[in-house]
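# Results of the structural survey
The lines below spell out each chain.
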Amino acid sequence: MEQNVHKKFTDRQNELRLFVINFIVDEGRSFNLESDKERALKALSMDEQEYEEIVSVLLEKDGMVISDTKDVNFIYPVSALATNHRVTLADGRSFTAMCAIDAMGAAFTFHQDTEVHSVSALSGEPVFVKIVNGEVADYSPKTLHALTFPLGQLSNWAGSC
Amino acid sequence: MNFFSSSAEFDQYVTQMELDPESLIKVDIDRAVLEAKATFEV
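Not measured: the values here are computed from a predicted model.

## Regarding the interface of chain B and chain A
Residue-level contacts link 30 residues of chain B with 46 residues of chain A. Broken down residue by residue, the surface that chain B buries against chain A is led by M1, F3 and F40 of chain B, which jointly contribute 30%. Scanning the region where chain B abuts chain A turns up 17 residue pairs in polar contact (both at pLDDT 80 or more). Mapped onto the side of chain B that touches chain A, the elements with two or more residues apiece are β1 (3-4), α1 (7-16), β2 (25-28) and α2 (29-40) of chain B.

Written out as structure tokens, the structure reads:
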């Protein structure tokens, strides 16, 4: 199983995926597959049939998670719903990520330096991770650990957060 | 998919949540960033 989320999809599918990711980050809310559709179609020069086909693939391959009202609440690594893992990008935008690894992974999705502010799942102690040029530049506490799963054994990250 | 202040906290969490230790990995910060890059790099 392909672990890298981006490589699970074609270029065109990733164009829509990244559009929705940036929409959520820019707007600070979920992308609705119906009411926000026109903005995606226009931005990506996409017709409705292609849009629906790509949405089906993104859902089928666990690229995103939607609500009953077709709000995209989770699209890796971004969460439109509040979580404990807040990411701030170098360009000043900020959002919450689904999981610890997702929060750190934002640096590689957006290709930007990032700061992650979170909390320990057990004690609630503040957690900080700074990633610069794809490497950890600073973090606290110095005994920081994270829980993850073996690469390739997990298809639906949202279900594990 | 959470952060923990220490290795001991991680172990305590796994016990409390009755998680299967065989199905998950405890990673330090260096391993965590490698996992993050492998999964989310565009």
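## Comments concerning the packing of aromatic side chains
Counted under the stated rule, the structure contains six aromatic pairs over all chains. Here F23 of chain A and F31 of chain A contribute two aromatic rings whose centre-to-centre distance is 5.0 Å and whose plane-to-plane angle is 90 degrees, an arrangement assigned as edge-to-face. The exposure class of F31 of chain A is buried, given its relative accessible area of 0%. Here the aromatic rings of F4 of chain B and F10 of chain B are separated by 5.4 Å at their centres, their planes lie at 75 degrees, and the arrangement is edge-to-face. By the burial criterion, F4 of chain B is buried, and F10 of chain B matches it. What links up through ring pairs into an aromatic cluster is the set F19, F23 and F31 of chain A. The aromatic ring of Y139 of chain A is capped on one face by K142 of chain A, whose charged end is 4.3 Å from the ring centroid.

## As for the confidence of the model for chain B
Model confidence for chain B is summarised by a mean pLDDT of 92, while 100% of its residues fall at 70 or above. Averaged over each element, pLDDT in chain B is lowest for β2 of chain B (92) and highest for β1 of chain B (95).

## Looking at the sheet that holds β1 of chain B
Strand order in the open sheet made by the three strands is β1(B)-β10(A)-β2(B), with antiparallel pairing throughout. Every interior strand has two partners, whereas the edge strands, β1 and β2 of chain B, have only one. Sheet topology places strand β10 (residues 145-148) of chain A next to β2 of chain B; four bridges connect them, and they run antiparallel. Paired with L147 of chain A across the strands is K26 of chain B, a residue of β2 of chain B. Sitting on the sheet, α2 of chain B touches β10 of chain A together with β2 of chain B, and the angle it makes with β2 of chain B is about 110 degrees.

## With respect to the pattern of salt bridges
Residues and elements named next belong to chain A. Summed over all chains, the structure comprises 13 salt bridges over all chains. Taking the shortest distance from any N to any O, the salt bridge between R93 and D26 comes out at 2.8 Å. Of this pair, R93 sits in the loop between β5 (85-89) and β6 (94-97) while D26 sits in helix α1 (residues 11-27), and the two are 67 residues apart along the sequence. Where K142 meets D138, a salt bridge forms, and the shortest distance between an N and an O atom there is 3.2 Å.

## A word on the side chain of S79 of chain A
All names here are of chain A. In this structure, S79 sits in strand β4 (residues 78-79). A polar contact of 2.6 Å, which involves the side chain of S79, links it to the backbone oxygen of L81. Ignoring any residue separated from it by four or fewer positions in sequence, one finds S79 in contact with N73, F74, T96, A97 and M98.

## Describing the packing of α1 of chain A against helix α2 (residues 37-44) of chain A
Residues and elements named next belong to chain A. Where α1 contacts α2, the axes come no closer than 11 Å and their chain directions differ by 125 degrees. On the basis of the axis angle, α1 is oblique to α2. Once α1 is placed against α2, the crossing between them reads as right-handed. Residues R12, E15, L16, F19, F23 and E27 of α1 pack against R39, A40, A43 and L44 of α2.

Criteria and cut-off values
- Residues numbered from 1 in each chain as written.
- Chains lettered and ligands numbered in written order.
- Predicted model: local features only at pLDDT ≥ 70, side-chain atom pairs only at ≥ 80, totals over all residues.
- Heavy atoms only, no water.
- Contact = heavy atoms within 4.5 Å.
- Buried area = accessible area lost by both parts, 1.4 Å probe.
- Polar contact = N/O pair within 3.5 Å; in protein donor to acceptor, adjacent residues only side chain to side chain.
- Helix = DSSP H or I, 4+ residues; strand = E, 2+ residues; numbered from the N terminus.
- Phe/Tyr/Trp six-rings, centres within 6.5 Å; stacked < 30°, edge-to-face > 60°.
- Buried < 20%, exposed > 50% of the residue type's maximum accessible area, 1.4 Å probe, protein only.
- Lys NZ or Arg CZ within 6 Å of the ring centre and 35° of its normal.
- pLDDT = per-residue confidence, 0-100.
- Pairing = 2+ DSSP bridges.
- Axes fitted to C-alpha atoms, helices over the stretch in contact; angles between N-to-C directions.
- Salt bridge = Lys/Arg side-chain N within 4 Å of Asp/Glu carboxyl O.
- Parallel < 35°, antiparallel > 145°, perpendicular 65-115°, else oblique.
- Left-handed = near helix turned anticlockwise from the far one by under 90°.

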